[in-house]
Amino acid sequence: TSAANVGSQQQGFRTVVIDPGHGGSEVGAVGTTGLVEKDVVLDISKRLGQLLEEQLGLQVYLTRDQDIYKEKEDRTALANNVKANVFLSIHANSYRGRGVHGPETFFLSDRASDDDARRLAAIENDTMEFKGPTGGDSDLEMLLWDMAQTRHLRESSVLAEMIQSNLNLLGGITDRGIKQAPFVVLKGANMPAVVVEMGFISNPDQEAQLTSATFQSAIVSGLLQGIIRYRDE
């Protein structure tokens, strides 16, 4: 890509919507010592938004900037309304095995890439009642109902790769790879969109990391560098 083309792409890359997962009565995952997903994702989302504004001069919108409940459709509707260039939904994972750790990045698919991805999407999606025009709730019906995100799947996969590769640079992290799953929160996004699971609150060591300002800064930096790489690509 020529320097002129890169400059043109960067000039057209103006708006990012960050979606701190859960909120209000929807607390999300809870760690063994009480770390709550809805709180940590809001903190990190705010820090990321501030850096994107200060360092890249971008217009940043958060789907929530306080501890309130937001319907998933409203989150992507905001991104569509402001014509965002990318949509990032920030979460923290949990698993029945406490030793599991590391970040994961997802983009949309009608079929999950593995059983764990399917389980995670089911957990996230069950926090709201899905209502399509047919009243059905199958993964395939969900995808056929709203084709918005399917037009951006290639770009979403690139965005996921850029973010995951930078998060993998965090110390002691195992690469858990790019995954796909039928996340309801991604289905209506009319731009490249990903779900970022920053780590596993269910792992006591990772829960402690996620409460650390140093580790949070590293995550924010990894997300920032991933967005910069995507913008430049």
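So, here is what we can say about the structure in this document. In this numbering scheme, every chain counts its residues from 1 along its sequence in written order. Two thresholds apply to this predicted model, a pLDDT of at least 70 for residue-level local features and 80 or more for giving and counting side-chain atom pairs, whereas whole-chain, interface and lining totals are computed over all residues. Hydrogens and water molecules were not included; the side-chain quantities draw on all heavy atoms of the structure.

### Thoughts on helix H2 (residues 37-56)
Move 1: Here a strand is any run of E in DSSP of at least two residues, a helix any run of H or I of at least four, and the numbering for each starts at the N terminus. Here, expected helix span is obtained from the residue count minus one, scaled by 1.5 Å. Between its first and last C-alpha atoms H2 spans 27 Å; for 20 residues at 1.5 Å apiece the expected length is 28 Å, and the two agree.
Move 2: Note on exposure labels: buried denotes an accessible area under 20% of the residue type's maximum, exposed denotes more than 50%, and partly exposed covers the range between, all computed with a 1.4 Å probe on protein chains only. Listing the buried residues of H2 in full gives Glu37, Lys38, Val40, Val41, Leu42, Ile44, Ser45, Leu48, Gly49, Leu52 and Leu56.
Move 3: Looking one or two residues past H2, Gly57 carries a phi angle of roughly 70 degrees, positive in sign.

### A look at unusual backbone geometry
Among all residues except glycine, the phi angle is most often negative; among peptide bonds, the trans geometry is most common.
Move 1: Despite not being glycine, His22 shows a phi value in the positive range, around 65 degrees.
Move 2: By the element assignment, His22 lies in the loop between strand S1 (15-20) and H2.
Move 3: In this structure, Lys83 takes a positive phi of about 55 degrees despite not being glycine.
Move 4: Of note, Lys83 is situated in the loop between helix H3 (72-81) and strand S3 (86-93).
Move 5: The class of Lys83 is exposed, set by a relative accessible area of 68%.

### Concerning the packing of helix H6 (residues 153-167) against helix H8 (residues 213-232)
Move 1: The contact between H6 and H8 brings their axes to 8 Å, and the two run at 140 degrees. One way to sum up the angle between H6 and H8 is to call them oblique. Judged by the twist between their axes, the crossing of H6 over H8 is right-handed. Across from Glu155, Val158, Leu159, Met162, Ile163, Ser165, Asn166 and Leu167 in H6, the residues of H8 making contact are Ile219, Gly222, Leu223, Gln225, Gly226, Arg229 and Tyr230. Axis lines are fitted through C-alpha atoms, for helices just across the contact stretch, and the angle between N-to-C directions can take any value from 0 to 180 degrees. Put simply, angles under 35 degrees are roughly parallel, angles over 145 are roughly antiparallel, angles from 65 to 115 are roughly perpendicular, and the rest are oblique. Left-handed describes a crossing whose near helix is turned anticlockwise from the far helix through less than a right angle; right-handed describes the clockwise counterpart. Contact definition: two residues touch when any of their heavy atoms are within 4.5 Å.

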